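The primary structure of each chain is shown beneath.
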Amino acid sequence: MQKPVLVIMAAGMGSRYGGLKQIDPVGPDGQIILDYSIYDAHRAGFERVVFIIRPELHEAFERAIGQKARRFMQVEYAYQTLDRLPAGLAAPAGREKPLGTAHAVWCAKELAGGCPIAVINADDFYGADAFRQIYAYLSSAADDEKYRYCMVGYRVENTLTENGTVSRGVCTADGDGFLTSIVERTAIARAADGTIVYAADGDAPAGAIPEGTPVSMNLWGFTPSFLPALDQGLRRFFAEKLPLNPMKGEYYLPFAVDELIEAGRASAKVLTTDARWFGVTYREDKPVVSAAIADMTRRGEYPSDL
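The sections below set out a description of the structure shown in this document. Every value quoted in this text rests on a predicted model; they were computed, and no experiment measured them.

1. Quick word on the nonpolar core
L6, I8, F46, F51 and Y154 are the most contacted members of the largest nonpolar core, which totals 47 residues. Considering each element in turn, this core owes the most residues, six residues, to helix α6 (residues 128-140). Among all residues touching I8, those that are not within four sequence positions of it are L34, I38, V49, V50, F51, I52, I120, N121 and A122. Membership of the second largest hydrophobic core comes to 41 residues, among which are A104, C107, L253 and A266.

2. What about empty space enclosed by the protein?
Applying the stated criterion across every chain yields a total of one cavity of 30 Å³ or more. Of the voids in this model, the largest cavity is the one considered here, and its volume is about 40 Å³. Together, D35, I38, K68, A69, R71, F72 and L306 line the largest cavity. Breaking the lining of the largest cavity down by element, the ones donating at least two residues are α2 (33-44) and α3 (58-69). When its residues are assigned to classes, the lining of the largest cavity shows four nonpolar, no polar and three charged.

3. Comments concerning the side chain of E250
For E250, the location among the structural elements is in the loop between α7 (226-241) and α8 (253-262). Here K97 takes part through its side chain, which lies 3.2 Å from a polar atom of the side chain of E250. If we ignore the near neighbours within four places in the chain, the residues touching E250 are R95, K97, P98, L99, G100 and F237.

4. Things to note about the pattern of salt bridges
Counted by the stated rule, this structure contains 17 salt bridges. Among the ionic pairs, E56 bridges to R54, the shortest N-O distance being 2.8 Å. With relative accessibility at 57%, the residue E56 sits in the exposed group. When the shortest N-O distance is used, the salt bridge between E211 and R190 registers 2.8 Å. With a gap of 21 residues between them, E211 in the loop between β9 (207-208) and β10 (214-222) and R190 in strand β7 (residues 179-190) connect regions that are remote in the sequence. The class for R190 is partly exposed, based on a relative accessible area of 41%. One connected set of salt bridges, linked through shared partners, spans D295, R298, R299 and E301.

5. Let's talk about the environment of D83
Tracing the backbone shows D83 in the loop between β3 (74-79) and α4 (101-106). Given the relative accessible area of 66%, D83 is considered exposed. Looking at D83, its side chain comes within polar contact range of the side chain of T81, at 2.5 Å.

6. Regarding α6
With 13 residues, α6 ought to run about 18 Å at 1.5 Å a step, and its terminal C-alpha atoms sit 19 Å apart, in line with that. Taken together, the buried positions of α6 are occupied by A128, A130, F131, I134, Y135, Y137 and L138. Of the surrounding elements, those touching the buried residues of α6 are β1 (5-9), α2, β4 (117-121), β5 (147-155), β10 and β11 (266-273).

7. Some remarks on α8
Turning to α8, its buried residues number three or more, namely L253, P254, A256, V257, L260 and I261. Considered in projection along α8, the buried side chains sweep an arc of 160° and stay on one side of the axis. In the stretch just after α8, G264 is the one whose phi turns positive, near 75°.

8. Concerning the side chain of N158
In this structure, N158 sits in the loop between β5 and β6 (166-173). Relative accessible area serves as the criterion here: at 17%, N158 is assigned to the buried category. Among the polar contacts listed, one links the side chain of N158 to the backbone oxygen of D274, at a separation of 3.3 Å. Each residue touching N158, except ones within four places of it in the same chain, is listed here: D274, A275, R276 and W277.

What counts as what
- Residues numbered from 1 in each chain as written.
- Predicted model: local features only at pLDDT ≥ 70, side-chain atom pairs only at ≥ 80, totals over all residues.
- Heavy atoms only, no water.
- Core = buried A, V, L, I, M, F, W, Y, C linked by side-chain atoms within 4.5 Å.
- Buried < 20%, exposed > 50% of the residue type's maximum accessible area, 1.4 Å probe, protein only.
- Helix = DSSP H or I, 4+ residues; strand = E, 2+ residues; numbered from the N terminus.
- Contact = heavy atoms within 4.5 Å.
- 1 Å grid on protein atoms, 1.4 Å probe; cavity = no way out; pocket = protein on both sides within 12 Å on 5 of 7 lines; lining within 4 Å.
- Points joined across faces, edges and corners; volume = space filled by probe spheres on them.
- Nonpolar A, V, L, I, M, F, W, Y, C, P; charged D, E, K, R; others polar.
- Polar contact = N/O pair within 3.5 Å; in protein donor to acceptor, adjacent residues only side chain to side chain.
- Salt bridge = Lys/Arg side-chain N within 4 Å of Asp/Glu carboxyl O.
- Expected span 1.5 Å × (residues − 1).
- Arc of directions from axis to C-beta.

Structural measurements only, silent on function.
Written as C-alpha cells, this is what we have:
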C-alpha cells in the first residue's frame, strides 16, 4: 500500500480572507493555522501534501504557504475549477460558485489516486492527536466487502466559540463505532444554563446536544476507492440535485460519504479525540486562538519559530 497523502481544501481561502496576504497570523512568530496543520501532519508520518486551490492563487499561495510547507512535505497542487469534471459533465451556463467540497477533493484525483488520503480544511486547527489517529488508521486500512473509511470526531464542547454560534455535523455512531448519520446543525452555542443547544432551521425544531457527542470538523480518511467513487457521486449530483439549484447547489463531502454508507457500499469509523478545535469563525476568536497556541508553544508542543 502506498503511504497516506494529506489533501488540504484551500480553494476558498482567497475569497473568505480577502486575499492570501490578509490571512491573519495566530502564532508567536507570525504563523497561520495551516502552518500548524502541516507540522502536525508531518510529525504523524505524512510526507506528501496536495493543496486544492484556485489556479489564479498559485503564485501567491506558493509564496505564503507552499514554500514553508516544503520544509516538511513534498508539495503538489490541484486546481478546483468549474471545467474540471468527469467526462460528459458541464457546469450550468453562468455558474460562478464552486461546486462544493466533494468536487474539490475529486479535483485531486490525478495526484492522489492510488493512495489513501486524509482530507482537511485549510483554516481549522485540528491538533496533533487527530493527525496521529488518522495516519495510523490509513496506514493499515483496507477495503473488503465495503469501502473502509474513517473520520475524526471531536467532542462538541471542544468545538464551540464564546463569540457566537457555529455549524457542525452532529454524528451518530453504532455500538462498534461506525458512523450511521451526520446531521448538519446550524447555530450551535452554549446556553445560559450551560447546555449545548442548536436553533431551529426551517422545518427542523431547536434541540439540545449532549456533551461528548462527536461532531465532524471535515477531517476524513479515505482508502483509494473514494476518488473513483466520487465520479459516480458527481454524476448523480448533476442529474438529481444540481438542477434544483443550478447556480448555488454544492456537492459536499459529508453528503458523498453518507450516500455510500446509505447504499451499503462503505463504512466510516469514528475516531474520537479529546483535542480542542480552534478556528477564527469570528474576529473576536483570534485572541483566543493566539493565546492557546502561545500556551502550547510555551509547553514545548510547537517550536516558536515554526
